[in-house]
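Residue-level listing of the chains:
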Amino acid sequence: MKTTKITAWLVLLAGFLTVAAIQQAAQAPVSFKSSDDIGVVVNIRNDASELSSADLRGILLGERRFWKNRQPLQLVLREPGTRERDAVIKSLLQMNNTEYNEHWRDKIFRGEASAAPLAVPSNGMASQYVLDTPGGITFVAGRNLRPDLKVLKIDGRLPGESGYLLR
Amino acid sequence: MPEAVFRISGCRILLTLLVFFTSIAVTACAAEDDPAPLDAATAKLLLQRVQDLDTEVQVLKSQVRTLTAGQANGVVASETAAGKPPVLLNSATPAPVTAGNPASSSMADMQATTEQSSAPSRGTELNTPRLQLRGYGDVGWRASDLTGSTNSFFLGQLNLFITSRLTDRASFLAENVIEADPGTNQFGIEPERLMLIYSVNDHLTLSFGRYHTAIGFYNTAYHHSAVMQTTERRPFLFEFEDSGGILPIHNVGVSATGVVSSKLGLHYVAEIGNGRSARTVLGDNPVENVTDEHNGKAFNLAVYVRPPRFPHLQVGASGYHDNLTPVVLVGGVPVNAPDVNEDILSGHVVYHTTRFELLNEALVLRHTPANSSRTVNIPGFYSQISRAFGRYRPYFRYEYVNVPATDPLYSDVGLIHGPRTGVRYSLNESAAFKVEFGRDMRRNLPSVNLVGTQLSFAF
């Protein structure tokens, strides 16, 4: 009798903890989806889970071209004038679109890159590209996030959390 | 009996647990399903979103109309100088999903909604090799008070710049320049760069073919496009070989580049190639495109730092070595003179933003004939500063090269030093007009005043 009661209480406690953990885990994506934060999104098969802001700068500038597993990195951006692009290059690189285009024009001319990052007109297309491309990476606002893509932490923070870089 | 009591108690407890978890689950579901009350701010955001989407739909519709018209004509539009990728339209096949093909993208979006699960890999389509062609050109007018010279309009270089991404890791680059020879007035075409590039990872990228030697900064930053560089003329130190330059600007061989430390921003360049032939007659093309004049190869090692904390700063150094075999005329017959050992040591500090530019480079060429222990040093440097004020960018440069009269290769160059100053006016992102004044002071020769204008453009 005593053993059964103890077991029951233990099961009850475990149940409490599990429910609490699930709710806690679900909190970040829920708050991201309702926020205006811009998430760094990669293919679900990408084994990366976090990038530093310096890594992200390197990716945007074309200095870093491979993932750690040696998979070529494929950056896709929205077209100039969209928040997902303008806010990112402004906050991470302190550049406007003219300066960013000039940077890539020069980089291609020096032979350091064969093409500028793809620029697509819709979030759907950017997401679809990343879904189809194992090394793909793009920037998506929370409300447009697809569930079949992976959101990376930046400097240890997920979008929606306080102190997140890309707001 | 006690067993029955235990069973009943256990069942009660399990029932209690079941009810408890069910109630939690129902509560959680209810919490998720219950719509939050729609406040004014959220409503405003949603309205804004609807308007944004409506605008986007209008834009996409107009692009679809453009696409339809383009398909009828089978237009192939090349990439613009601003870096927009090409629009490839083909009436025979569906338009590929490309970055610069918004119309086809919009169609892809529409398709994506209905066939997301069965859609073929659009990433693969986007990665299909595409040839991109850009062009650069310049025309101008120059005058000087050098005795015997005339003021002249001139055609500069017509540069057809081709890149093609072959795979995720491989690409092709060619820079084909058409220009007139000042001596003969005849046009010639030359592949100034022709490279097959293969990236293994961030630490190793191999290039095979003809490239610009990584001596200093200027040579690998500006290449053959006048619109990219601030000034009208290149620094004399980095003048092309066929225009009297003393450096091995081009090389044919293999180049390896990569990142040593991304935290420090430390990069390396290692090159091995044919090197250049010794200059015998001004106007000769000393780049050894097909045949090396000897079995020894030229090699160059360069390192530079672009610190992540100061992304506009670059500090670097390089060391280059080659043997050159000068040809001298003995009784009208060309004869090989003793080899000359050439070492070039260079260093640069560059700070470059879109508004401000400070370029400083210094180098020394060391020539040692094989039959002599005497080494001739040729020092050279230039400093250039400019600052953009809107569309205007005034600039100033001072340059210096001193070739001693005892140098076995370039003694005819002598000492040249002097200022260059001017203004660059950007007509738009793809075109610039420059006015430049300069004064060349030379050893044992009268100084020369220069004026030049240039209209440079990309297309």
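Think of each chain on its own: its residues are numbered from 1, step by step along the sequence as written. Each chain takes a letter, starting from A, and each ligand takes a number, starting from 1, following the order in which they are written. Note on the predicted model: pLDDT of at least 70 is required for a residue's local features to be given, and 80 or more for side-chain atom pairs to be given and counted; whole-chain, interface and lining totals, by contrast, use all residues. Hydrogens and water are ignored here; the side-chain numbers use all heavy atoms of the structure.

Further remarks concern the overall build of chain A. Along the backbone of chain A there are five helices and six strands. We count a stretch as a helix when DSSP gives it H or I for four or more residues in a row; a strand needs E for two or more, and each element gets its number in order from the N terminus. For chain A, the sequential pattern of α-helices and β-strands runs α-β-β-α-β-α-α-β-α-β-β. For the exposure calls, accessible area comes from a 1.4 Å probe over protein chains only, and a residue counts as buried if that area is under 20% of its type's maximum, exposed if over 50%, partly exposed in between. For chain A, with 167 residues in total, the buried portion stands at 51%. Throughout, the Shrake-Rupley method with a 1.4 Å probe supplies accessible areas, and for residues the shown protein chains are the sole cover considered. About 7400 Å² of surface is accessible on chain A, with carbon and sulfur atoms providing 56% of the total.

With that settled, the discussion passes to the packing of helix H2 (residues 53–61) of chain A against helix H3 (residues 83–93) of chain A. All names here are of chain A. For helices, the fitted line uses only the C-alpha atoms of the stretch in contact; every axis is such a line through C-alpha atoms, and the angle between N-to-C directions lies from 0 to 180 degrees. Taken N-terminus to C-terminus, the directions of H2 and H3 make an angle of 120°; their axes are 10 Å apart at the nearest point. Put simply, H2 runs oblique to H3. Here H2 and H3 pass one another in a crossing that is left-handed. Along its contact with H2, which presents Ser53, Leu56, Arg57, Leu60 and Leu61, the element H3 presents Val88, Leu92 and Leu93. In this classification, the charged set is Asp, Glu, Lys and Arg, the nonpolar set is Ala, Val, Leu, Ile, Met, Phe, Trp, Tyr, Cys and Pro, and all remaining amino acids, among them Gly, are polar. A breakdown of the residues in the contact of H2 with H3 according to their chemical character gives six nonpolar, one polar and one charged. Any angle that falls under 35 degrees is termed roughly parallel, while one over 145 is termed roughly antiparallel, one within 65 to 115 roughly perpendicular, and all others oblique. Handedness of a crossing follows from how the near helix is turned relative to the far one, being left-handed for an anticlockwise turn of less than a right angle and right-handed for a clockwise one. Throughout, a residue-residue contact means that at least one pair of heavy atoms, one from each residue, lies within 4.5 Å.

Every other side chain in a regular strand lies on the same face of the sheet, so the side chains alternate between the two faces. All names here are of chain B. Relative to strand E13 (residues 333–336), strand E12 (residues 327–330) runs antiparallel, the two being bridged by four bridges. Paired with Val327 across the bridge in E13 is Asn336. Two strands pair under a simple rule: DSSP has to find at least two bridges between them. With antiparallel pairing between neighbouring strands as the criterion, E12 and E13 make up a hairpin whose turn holds two residues, including Gly331 at a positive phi of roughly 60°.

Attention now goes to the environment of Thr291(B). Residues and elements named next belong to chain B. Position of Thr291 among the secondary structure elements: in the loop between strand E9 (266–273) and strand E10 (298–305). Of the residues examined, Thr291 reaches a relative accessible area of 58% and is grouped as exposed. Taking C-alpha positions, Thr291 is 66 Å from Val50, a pair spaced 241 residues apart along the chain.

Turning next to helix H5 (residues 123–132) of chain A. Side chains of residues three or four places apart in an α-helix project in the same direction, reflecting 3.6 residues per turn. Here H5(A) lies mainly inside the structure; eight of its 10 residues are buried. For H5(A), the complete set of buried residues consists of Asn123(A), Met125(A), Ala126(A), Ser127(A), Gln128(A), Tyr129(A), Val130(A) and Asp132(A).

Another point: the sheet that holds strand E4 (residues 118–120) of chain A. Residues and elements named next belong to chain A. Taken in spatial order, the six strands make up an open sheet running E2-E6-E1-E5-E3-E4, and their pairing is mixed. Strands with a single pairing partner mark the edges of an open sheet, and in this sheet they are strand E2 (50–51) and E4. Two strands pair when backbone bridges link them, and strand E1 (residues 38–43) and strand E5 (residues 136–141) are joined in this way by five bridges, in the antiparallel orientation. Pairing of Val41 across the sheet is with Thr138, part of E5.

Residue and element names in this part refer to chain B. Along the polypeptide, His367 turns up in strand E15 (residues 356–369). Look at His367 and you get buried, because its relative accessible area is 0%. Sequence-distant contacts of His367, that is, excluding residues within four places in its chain, are made with Val340, Asn341, Glu342, Arg374, Thr375, Val376, Ile378, Asp407, Pro408, Leu409 and Tyr410.

Residues and elements named next belong to chain A. By this rule the span expected of a helix is its residue count minus one, scaled by 1.5 Å. Taking 1.5 Å of rise per residue, 13 residues should cover 18 Å, and helix H4 (residues 97–109) covers 18 Å from first to last C-alpha, within 8% of that figure. Buried residues of H4: Asn97, Glu99, Tyr100, Asn101, His103, Trp104, Arg105, Lys107, Ile108 and Phe109, and no others. For this analysis, a polar contact is any N or O atom pair within 3.5 Å, provided that within protein one partner can donate a hydrogen and the other can accept it, and provided that sequence-adjacent residues contribute only side-chain to side-chain pairs. Two or three places before Thr98, at the opening of H4, Asn96 has a side-chain oxygen 3.1 Å from that residue's backbone nitrogen. Note on H4: the residue one or two positions beyond its end, Gly111, has a positive phi of about 85°.

Positive phi outside glycine occurs at Gln94(A), with the angle close to 55°. Residue position: Gln94(A) is located in the loop between H3 and H4. For Asn185(B), which is not a glycine, the phi torsion comes out positive at approximately 70°. Positionally, Asn185(B) belongs in the loop between strand E5 (170–180) and strand E6 (187–201). Owing to a relative accessible area of 62%, Asn185(B) belongs among the exposed residues under this scheme.

Residue and element names in this part refer to chain B. Here Ser346 shows up in strand E14 (residues 340–352). Separated by 3.4 Å, the side chain of Ser346 and the backbone nitrogen of Gly216 make a polar contact. Among the polar contacts listed, one links the side chain of Ser346 to the side chain of Ser318, at a separation of 2.6 Å. If near-sequence neighbours (up to four positions away) are discounted, Ser346 is found in contact with Ile215, Gly216, Gly316, Ala317, Ser318, Ala362 and Leu363.

What follows concerns the nonpolar core. All names here are of chain A. To qualify as a nonpolar core, a set must consist of buried Ala, Val, Leu, Ile, Met, Phe, Trp, Tyr and Cys residues joined through side-chain atoms within 4.5 Å. The biggest cluster of nonpolar side chains holds 69 residues, and the ones touching the most others in it are Val40, Ile137 and Phe139. When near neighbours in sequence (up to four residues on either side) are disregarded, Phe139 contacts Ile38, Gly39, Val40, Leu56, Leu60, Leu75, Val76, Leu77, Glu84, Val88, Asn123 and Leu166. In terms of nonpolar packing, the next biggest core, distinct from the first, is built from 11 residues, Val76, Val120, Ala126 and Val140 among them.

Coordinates in, geometry out; function isn't part of it.
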